[in-house]
Amino acid sequence: MQPTQTVDQNVQSTTTQLNGFWQGAVVYQVYPWSFNEDKASGATKGHGTIRGITERVDYFADLGVNAIWISPFYPSPMADSGYDIEDYRDVHPDLGTIQDFNELVQELHENDIRLMIDLVPNHTSDQHPWFKQSRASKDNDKSDWYIWRDPNPDGSPPNNWGSVFSHSQLFKRQAGEMPELRDDEPTPYLSAWQYDETRGQYYLHSFAVEQPDLNWENPAVRAAIQDVMRYWIDRGVDGFRIDAVNFIGKDMRLTDEPMNPDYIEGVDNPYDRLMRRYSSGYPDTFYSYLNEFADVLEEEEYRGRDLRIVFEAYMDEKSLDRINRVAPGVAGAFNFGAMGLDWEARLRKAQLDEYYKHLPPGIVANQVNGNHDKPRLASRIGEIPARAAAVHNLMLPGMPFIYQGEEGGFTDVEVPLERQRDRLRGRDIARTPMLWDDTNNAGFSNALEAKLWLPIDPEYKAKHLAGQRHDPTSSYSLYRALLAFRNGSTAVHYGDFSLLATSDDDVLGFVRRYDDDIVVTMTNFSDKDKTITSPELSDLAGEWVLSSLHVNINRPIDMSQGFHLEPHEAIVVCLQGIDR
Ligand code: GLC
């Protein structure tokens, strides 16, 4: 009997195909400002540095990650924590130099760890030389590198598009700073248009005012971004996480967005009052632009480099599916599906069904539990479920992404108003410094506390990673064991995937299989003990290798007795004795 007979027949198996390094690579996201300040130079800047990342390459190796992605480290006025870029080809002077970057690449590669960097193609900083030139007049080389339009006859903006960063409007209203609004009136979003005195025109900014949108209709802009990619590939970079990419595809007739009937006042971002039909992800241009990124990776010169792209786009499943079909050999969209879900088996199952069913052949899937834009995993779903969510994600096919600190089970940290850096959306809570050890400032920096980038979690003495490394059942030890297991398992790296029918709706099981190598993962999403019987698996002998609660188990399991799962426990079992 084969485990594939036990699966939900609605779910297709992924193709059993070895797709190079990225097929099962674990990618670790580094947020450079809060990762680590280098100690060797004796610096006391109070924030992370590129050399600080290099000093922690041993850490990546110990944890067992295969690649890192670094959020923007470029020169930036920091209106959007570095996503407002002033120069695409340099390192922020506070973070280090290009030489430091070169050394980081070298150190990573010597440790067989690849490097992805953030590419932000939709907008630059308003301090980027391209924008400074563009805003200077209507008839210079760069005048149409951004999206400029005349005001309407009454002086109002060219259309009704809104800025993603409209949360502040809600905060203002809640603080009573919009007294003119009636109680039943929805909070206005911020216009995506900013009037510029010099040109006497508006420019478009889908995000902050300081982040003008590049004009992707202009082939020179697209060519310039491709050149930026080549610049970094030539420096040894192995791939790109491409930021907010859906925004490069717009209806350039600037059709007004219809209103969104599902908007919930007081809960949603006021930006969500609008639909997103014309201002982002506009299909007529969007997908062909995506091809242009992939084209660079496939250039003759880069043959054999095995480069990779992951597109960041918060879009509906159908659009993500189209993104995944653009260049499945080298690029795919982030799978954010699970990140927004409550901790419920039913929801996760539906998401897995949906996601794996639609993936085109040959693509590398991915799984995300968190990133720098969302509250931390353990704060969203709870510390114990977070451990089970790690097991679950890390056993699924494709590239799992780990956001820095997730491996330590870190939680959000309250940041007082006067220390906040992200005034746009209040995302600092998930961006506070890493907790390395129990020394001053948790080993993050030798600066005075008041000078630190963001405050350190006050509970760091109980949570730091050095301590967790000595505790065999800590969150860190769990991640380390999972990655060690994953890195040694052909089934987890390359195997087929199929959902397993289980006897309990609160338990989600799946099977990974590559020839004789079979791995079953079971996750209990409830707060009750469960004994799961699975008649199809009952004749099988297995070895129970990992538990989200107890970490390394390594003991034989008799399947006829069923699987016993504690509340919010996930387990990994290697099977043998399959009758084939
Ligand atoms: C992406 C980034 C986010 C940033 C935004 C604008 O969503 O992840 O941090 O603010 O794009 O660049």
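Report follows, based on the coordinates.

Criteria and cut-off values
- Residues numbered from 1 in each chain as written.
- Predicted model: local features only at pLDDT ≥ 70, side-chain atom pairs only at ≥ 80, totals over all residues.
- Heavy atoms only, no water.
- Helix = DSSP H or I, 4+ residues; strand = E, 2+ residues; numbered from the N terminus.
- Rg over C-alpha atoms; globule rule 2.2 N^0.38 Å.
- Buried < 20%, exposed > 50% of the residue type's maximum accessible area, 1.4 Å probe, protein only.
- Contact = heavy atoms within 4.5 Å.
- Areas by Shrake-Rupley, 256 points an atom, 1.4 Å probe, with all protein chains shown as cover.
- Near = heavy atom within 4 Å.
- Polar contact = N/O pair within 3.5 Å; in protein donor to acceptor, adjacent residues only side chain to side chain.
- 1 Å grid on protein atoms, 1.4 Å probe; cavity = no way out; pocket = protein on both sides within 12 Å on 5 of 7 lines; lining within 4 Å.
- Sits in = over half its atoms within 2 Å of the grid points.
- Arc of directions from axis to C-beta.
- Points joined across faces, edges and corners; volume = space filled by probe spheres on them.
- Nonpolar A, V, L, I, M, F, W, Y, C, P; charged D, E, K, R; others polar.
- Salt bridge = Lys/Arg side-chain N within 4 Å of Asp/Glu carboxyl O.
- Expected span 1.5 Å × (residues − 1).
- Pairing = 2+ DSSP bridges.
- Axes fitted to C-alpha atoms, helices over the stretch in contact; angles between N-to-C directions.
- Parallel < 35°, antiparallel > 145°, perpendicular 65-115°, else oblique.
- Left-handed = near helix turned anticlockwise from the far one by under 90°.
- Phe/Tyr/Trp six-rings, centres within 6.5 Å; stacked < 30°, edge-to-face > 60°.
- Right-handed = clockwise from strand over helix to strand, strands pointing away.

**Re the overall build of the protein**
Right, so step 1: Scanning the protein from terminus to terminus reveals 15 helices and 19 strands.
Right, so step 2: Over its C-alpha atoms the protein spans a radius of gyration of 24 Å, differing by no more than 12% from the 25 Å that the globule rule assigns to 580 residues.
Right, so step 3: Taken along the three principal axes of its C-alpha coordinates, the protein extends 75 × 60 × 55 Å.
Right, so step 4: Taking all 580 residues of the protein together, 62% fall into the buried category.
Right, so step 5: Long-range contacts, defined as pairs at least 24 residues apart, comprise 70% of the intrachain contacts of the protein with a sequence gap of at least 6.
Right, so step 6: Carbon together with sulfur atoms contributes 47% to the accessible area of the protein, which is approximately 22,300 Å² in total.

**With respect to unusual backbone geometry**
Right, so step 1: Phi is positive for Met78, which is not a glycine, with a value near 65 degrees.
Right, so step 2: Positive phi is not limited to glycine here, since His568 has a value of about 50 degrees.

**Here we look at the site of the ligand**
Right, so step 1: Around the ligand, a shell composed of 14 residues is seen, among which Asp80, His123, Asp243, Glu312 and Asp373 lie nearest.
Right, so step 2: Between an oxygen atom of the ligand and a side-chain N or O atom of His123, the distance comes to 2.9 Å.
Right, so step 3: Contact between the ligand and Arg427: an oxygen atom at 3.0 Å from a side-chain N or O atom of the residue.
Right, so step 4: In isolation the ligand exposes 310 Å². Once the protein is present, 97% of that is buried.
Right, so step 5: A majority-of-atoms criterion places the ligand in the largest pocket.

**Looking at helix 5 (residues 167–174)**
Helical geometry note: an α-helix holds 3.6 residues per turn, so side chains three or four residues apart project in the same direction.
Right, so step 1: Buried within helix 5 we find His167, Gln169, Leu170 and Arg173. Within helix 5, the buried residues cover an arc of 160 degrees as seen down the axis, which keeps them to one side.
Right, so step 2: The first or second residue beyond helix 5 is Gly176, which carries a positive phi of 75 degrees.

**Some words on the environment of Asp506**
Right, so step 1: Inspection of the secondary structure assignment puts Asp506 in the loop between strand 12 (496–500) and strand 13 (507–514).
Right, so step 2: Between the alpha carbons of Asp506 and Asp243 there is a distance of 35 Å; along the sequence they are 263 residues apart.
Right, so step 3: Sequence-distant contacts of Asp506, that is, excluding residues within four places in its chain, are made with Ala345, Thr523, Asn524, Phe525, Ser526 and Lys530.
Right, so step 4: Within the structure, Asp506 has its side chain in polar contact with the side chain of Lys530 (distance 3.1 Å).

**Quick look at the layout of surface pockets**
Right, so step 1: By volume, the largest pocket amounts to about 1,400 Å³.
Right, so step 2: Together, 49 residues line the largest pocket, and Arg276, Ala313, Tyr314, Met315 and Lys374 are the ones closest to its centre.
Right, so step 3: Elements with a contribution of two residues or more to the lining of the largest pocket: helix 5, helix 7 (283–297) and helix 8 (317–324).
Right, so step 4: With five residues, the single largest contributor to the lining of the largest pocket is helix 8.
Right, so step 5: The class makeup of the residues in the lining of the largest pocket is 21 nonpolar, eleven polar and 17 charged.

**Comments concerning the pattern of salt bridges**
Right, so step 1: Under the criterion given, the structure shown has 29 salt bridges.
Right, so step 2: Between Arg135 and Asp196 there is a salt bridge, with the nearest N and O atoms lying 2.9 Å from each other. You can see Arg135 sitting in helix 4 (residues 129–136) and its partner Asp196 sitting in strand 5 (residues 193–196), a full 61 residues away along the chain.
Right, so step 3: Here Asp506 ties to Lys530 by a salt bridge, and the two come within 3.1 Å at their closest N and O atoms.

**What about helix 9 (residues 345–358)?**
Right, so step 1: An ideal rise of 1.5 Å per residue puts 20 Å on 14 residues; helix 9 measures up with 20 Å between its terminal C-alpha atoms.
Right, so step 2: Residues of helix 9 that are buried: Ala345, Arg348, Gln351, Leu352, Asp353, Tyr355 and Tyr356.
Right, so step 3: Here the buried face of helix 9 lies against strand 10 (366–368), helix 11 (383–394), strand 12 and strand 13.

**Remarks on the sheet that holds strand 5**
By way of backbone hydrogen bonds, the strands of a sheet pair with one another, either parallel or antiparallel.
Right, so step 1: Read from one edge to the other, the open sheet built from three strands follows the order 4-6-5, with strand pairing classed as antiparallel. Single-partner strands in this sheet number two, and they are strand 4 (148–149) and strand 5.
Right, so step 2: As paired strands, strand 4 and strand 6 (residues 201–204) are joined by two bridges and run antiparallel to one another. Residue pairing in the sheet places Trp148 in a bridge with Tyr203 of strand 6.

**Some details on the packing of helix 6 (residues 219–234) against helix 7**
Right, so step 1: The geometry of helix 6 relative to helix 7 is characterised by a closest axis approach of 10 Å and an angle of 30 degrees between their N-to-C directions. Between helix 6 and helix 7, the interaxial angle falls into the category roughly parallel. With respect to the hand of their crossing, helix 6 and helix 7 are arranged in right-handed fashion. Seen from helix 6, the contacting residues are Arg222, Ile225, Gln226, Met229, Arg230 and Ile233; seen from helix 7, they are Tyr289, Glu292, Phe293, Asp295, Val296 and Leu297.
Right, so step 2: For the contact of helix 6 with helix 7, the per-class residue count stands at seven nonpolar, one polar and four charged.

**What about the packing of aromatic side chains?**
Right, so step 1: A full pass over the atoms with the stated rule returns 38 aromatic pairs.
Right, so step 2: Judged by centre distance (5.1 Å) and plane angle (85 degrees), the rings of Phe35 and Trp436 are edge-to-face. Taken as a pair, Phe35 in the loop between strand 1 (27–30) and helix 1 (50–54) and Trp436 in the loop between strand 11 (399–403) and helix 12 (460–463) lie far apart in primary sequence, 401 residues in all.
Right, so step 3: Given the relative accessible area of 0%, Phe35 is considered buried.
Right, so step 4: Residue class for Trp436 comes out buried when judged on its relative accessible area of 4%.
Right, so step 5: Seen from their ring centres, Tyr314 and Phe336 are 4.3 Å apart, and the 10 degrees between their planes marks the pair as stacked.

**Describing the pairing of strand 12**
Right, so step 1: Within strand 12, five of the five residues are buried, which leaves it mostly tucked inside the rest of the structure.
Right, so step 2: Linking strand 12 back to strand 13 in an antiparallel pair, the connection comprises six residues.

**Description of the environment of Tyr88**
Right, so step 1: With respect to the helices and strands, Tyr88 occurs in the loop between strand 2 (67–70) and helix 3 (98–110).
Right, so step 2: Separated by 400 residues in the primary sequence, Tyr88 and Gly488 place their C-alpha atoms 38 Å from one another.
Right, so step 3: Discounting residues that sit within four places of it in the chain, Tyr88 has contacts with Tyr74, Val120, Pro121, His123, Thr124, His128, Trp130, Leu214, Ile225, Val228 and Trp232.
Right, so step 4: A polar contact is formed between the side chain of Tyr88 and the backbone oxygen of Val120, at a distance of 2.7 Å.
Right, so step 5: There is a polar contact of 3.2 Å between the side chain of Tyr88 and the backbone oxygen of His123.

**Examining the pairing of strand 3 (residues 114–119)**
Right, so step 1: When you tally the buried positions in strand 3, you get five out of six residues, the bulk of the element.
Right, so step 2: With four bridges joining them, strand 2 and strand 3 adopt parallel strand pairing. Paired with Ile68 across the two strands is Leu115, which belongs to strand 3.
Right, so step 3: For the crossover from strand 2 across helix 3 to strand 3, the handedness is right-handed.

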